[in-house]
Each structure stands twice: as structure tokens, then as C-alpha cells.
Amino acid sequence: MLVQEPNSIPLAGATDVLVHWPAHLDAHAKTYLDLSGLDDLRHISWNQEALTLGARTTYWDVIQDEQCHQEFPLLQHAARQVGAVQIQSRGTWAGNIVNASPAADGVPVLMAYDAVVVLQSTAGTEEVPLNEFYMGYKQMRRRTDQLVVAIRLPRRSYAVQVFEKVGARRAQAITKVGLAMTRSSVGWRVVASAVAPTIRRCPSVERLLEQDAPVCSPDDLAEAFATDTQPIDDIRSTSAYRARVLARVAFHALQSQAPGRS
């Protein structure tokens, strides 16, 4: 069907579409491909190497899964930050990815866990690391004939796992500054949200941490974050606030997770 209707938009939870429906009249004229009947896309499966989330897996599915809580606690932490229970029950992890908001809550933790996006079309299957999936604001490595069918996360042991969201309220608020960090056998992963056109890994910060450089204050992180991010002024915050808070949130997270670093 995607081949036959190349401009159609796959739709699962519809939470991002419907919240803007009254104001975005141009959305009414678009063609949507309803995925709600594809039960094979709603699953949480495990093997020795990885956790796989089907594309229709909701935040609430993960919240209720005890093994996810044990092995990937940041997934549950982030899922509980996404709107209210009604949104958590309908919204999907894959939908959060392809909506491509730079302030998404689910994407940073998936990226910090080295998630891979599994795409399928009539031509075959393609796998794209999530940290390579975005090419710019609302631009993705997904062709119009491809459907996201799954998200795969490698199973590892983690010494550090952090997710922090700064918003106007403790719940049901869009992110002003977001941060996800992990440390495993493959090294540090530092992912920032709402500070660039896309959710973004921060390689300069990761290198700083890999080198065991002394981090004695937020200022020691701020320069590296400035290289990796592009915060802007908008209705929710200012670029100066975002840069300052991101460095402080990261510093205090490192202090709580790995106090010996300073």
C-alpha cells in the first residue's frame, strides 16, 4: 500500500496527529495508513543478544513489562514522562521516532541504548542505527515505501543509566532540556534533546568522559556540549538557559552516578 500511495502517512497511536488536528487543517487532506490491525507489530520479544520492540508497542506495554524494568530501566522512566496515561496507552515508541520531534522523550533513551530502527519494504529489510536515522529537522533515513516494523536494543550490563527531563511542570509538559546517558562495555553514550534540530548524540562529551578528564564543575562540560548542540530561543525557553541547564544536569547526574569522577 505504501508503494501504491507514496504520500500516505503510516498511523499507529495517532497521538501527535490528533493533538494538532483542530488547528492543522492541511493535515485533514492527507492520506493515512492505519496500522491498528497489524497485531504482529505489537510485541516485546527477547533473545540472547537483544530486546526487540514491535513498531506498535506502546509506552504502557513497556511500563508493564518487568524484564524491561530490570534490564532497560530508562525506557520505563521515559515512558512515564510522556503525557498522561491516555497518551502512554496509545502512543508508540516507533511513532515517537518517526514524529522526529527534537524534544521527544522516548528517543533519547533509545539512542543511549544504541537502538537500531528496522525498516521494511517490498524490496526487503534495512536496519539503521537510531543515532544515524535523523538527517535534519523532520528529515529521516526512511523512504516513503518503507515501514518501521521494529526497534532493536542490544542487551548489555550498564554501570551508568540516567534520564533527566526539564520542563515547565513535573508531568504533561514538553521538554525544555533533556538528557540520557549510559555507560557500558562499549563506552559512554550521551544524548541531548531539545537543544538541536534533532535528538542528538554528543560525541565531544563522550570523548571527554572516555578520557577520564576531570569534571569539577558544569563549566567543564559546557564547552563540549556547545560543540555538539545548537540550542535556540523559542516560546518555551532561551538558548542560554538550555545550554546552562544541560551542562548542570549532566554534571549533577555524573556526580550521583559516578562520584569518583571529580
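Preceding block: the structure.
Scoring rules and cut-offs
Residues numbered from 1 in each chain as written. Predicted model: local features only at pLDDT ≥ 70, side-chain atom pairs only at ≥ 80, totals over all residues. Heavy atoms only, no water. Pairing = 2+ DSSP bridges. Helix = DSSP H or I, 4+ residues; strand = E, 2+ residues; numbered from the N terminus. Axes fitted to C-alpha atoms, helices over the stretch in contact; angles between N-to-C directions. Expected span 1.5 Å × (residues − 1). Contact = heavy atoms within 4.5 Å. Salt bridge = Lys/Arg side-chain N within 4 Å of Asp/Glu carboxyl O. Buried < 20%, exposed > 50% of the residue type's maximum accessible area, 1.4 Å probe, protein only. Phe/Tyr/Trp six-rings, centres within 6.5 Å; stacked < 30°, edge-to-face > 60°. Core = buried A, V, L, I, M, F, W, Y, C linked by side-chain atoms within 4.5 Å. Nonpolar A, V, L, I, M, F, W, Y, C, P; charged D, E, K, R; others polar.

1. Brief notes about the sheet that holds strand E5 (residues 116-121)
Point 1. The strand order E3-E4-E9-E5-E6 describes an open sheet built from 5 strands, whose pairing is antiparallel. One side of each edge strand has no neighbouring strand; the edge strands of this open sheet are strand E3 (44-46) and strand E6 (124-129). Ignoring strand direction, the axes of neighbouring strands in this sheet form an average angle of 25 degrees.
Point 2. In the sheet, E5 pairs with E6 via 6 bridges, with the strands oriented antiparallel. Within E6, the position partnered with Val 118 by the bridge is Glu 127.

2. With respect to helix H10 (residues 239-257)
Point 1. Taking 1.5 Å of rise per residue, 19 residues should cover 27 Å, and H10 covers 27 Å from first to last C-alpha, within 8% of that figure.
Point 2. Of the surrounding elements, those touching the buried residues of H10 are strand E10 (158-166), strand E11 (177-184), strand E12 (187-193), helix H8 (203-210) and helix H9 (219-228).

3. Digging into the pattern of salt bridges
Point 1. Within this structure, the stated rule accounts for 12 salt bridges.
Point 2. In this structure, Arg 143 engages Glu 126 in a salt bridge whose closest nitrogen and oxygen atoms are separated by 3.9 Å. Placement of Arg 143 in the loop between strand E8 (139-140) and strand E9 (147-154) and of Glu 126 in strand E6 is noted, with a sequence separation of 17 residues between them.
Point 3. Among the residues examined, Glu 126 registers a relative accessible area of 33% and is labelled partly exposed.
Point 4. Taking the shortest distance from any N to any O, the salt bridge between Arg 143 and Asp 145 comes out at 3.0 Å.
Point 5. Salt bridges sharing common partners tie together Asp 114, Arg 156, Arg 189, Arg 201 and Glu 206.

4. A few points about the packing of aromatic side chains
Point 1. Inspection of every chain in the model, using the stated rule, returns 6 aromatic pairs.
Point 2. Relative to Tyr 134, the ring of Phe 133 lies with its centre 5.5 Å away and its plane at 75 degrees, an arrangement referred to as edge-to-face.
Point 3. Members of the aromatic cluster, joined through ring pairs, are Trp 46, Phe 72, Tyr 113 and Tyr 158.

5. Some words on the sheet that holds E12
Point 1. Spatial ordering of the open sheet is given by E10-E11-E12-E13, a layout of 4 strands whose pairing is antiparallel. Of all strands in the sheet, those bounded by a partner on one side alone are E10 and strand E13 (200-201).
Point 2. One ladder, built from 8 bridges, connects E10 with E11; its direction is antiparallel. Paired with Val 166 across the bridge in E11 is Val 177.
Point 3. Packed on one face of the sheet, H10 meets E10, E11 and E12 and runs near 35 degrees to E11.

6. What to know about the nonpolar core
Note that soluble globular proteins tend to have their nonpolar side chains buried in a common cluster.
Point 1. By size, the foremost hydrophobic cluster in this structure holds 47 residues, and its most contacted members are Leu 75, Trp 93, Ile 97, Leu 110, Leu 130, Ile 151 and Leu 153.
Point 2. Of all the secondary structure elements, the ones that give two or more residues to this core are strand E4 (50-54), helix H2 (59-63), helix H4 (73-79), helix H6 (93-99), helix H7 (106-112), E5, E9 and E10.
Point 3. The biggest single contributor to this core is E9, with 6 residues.
Point 4. Sequence-distant contacts of Leu 110, that is, excluding residues within four places in its chain, are made with Leu 75, Trp 93, Ile 97, Ala 115, Leu 130, Ile 151 and Leu 153.

7. A few points about the packing of H8 against H9
Point 1. Contact geometry of H8 with H9 gives a least axis separation of 7 Å together with a crossing angle of 145 degrees. For the pair H8 and H9, contact is made by Pro 203, Ser 204, Val 205 and Leu 208 and by Asp 220, Leu 221, Ala 224, Phe 225, Thr 227 and Asp 228, respectively.
Point 2. When the residues that make up the contact of H8 with H9 are grouped by side-chain class, the tally is 6 nonpolar, 2 polar and 2 charged.

8. A short note on H8
Point 1. Inspection of H8 places Ser 204, Val 205, Glu 206, Leu 208 and Leu 209 among the buried residues, and these make up the whole buried set.
Point 2. Just past H8, the residue Asp 212 takes up positive phi, approximately 55 degrees.

9. Some words on the environment of Pro 231
Point 1. Following the sequence through the fold, Pro 231 ends up in the loop between H9 and H10.
Point 2. The partly exposed category is assigned to Pro 231, whose relative accessible area is 24%.
Point 3. In this structure the C-alpha to C-alpha distance between Pro 231 and Pro 6, which are 225 residues apart in sequence, comes to 34 Å.
Point 4. If sequence neighbours within four positions are ignored, Pro 231 has contacts with Val 195, Ser 239, Arg 242 and Ala 243.

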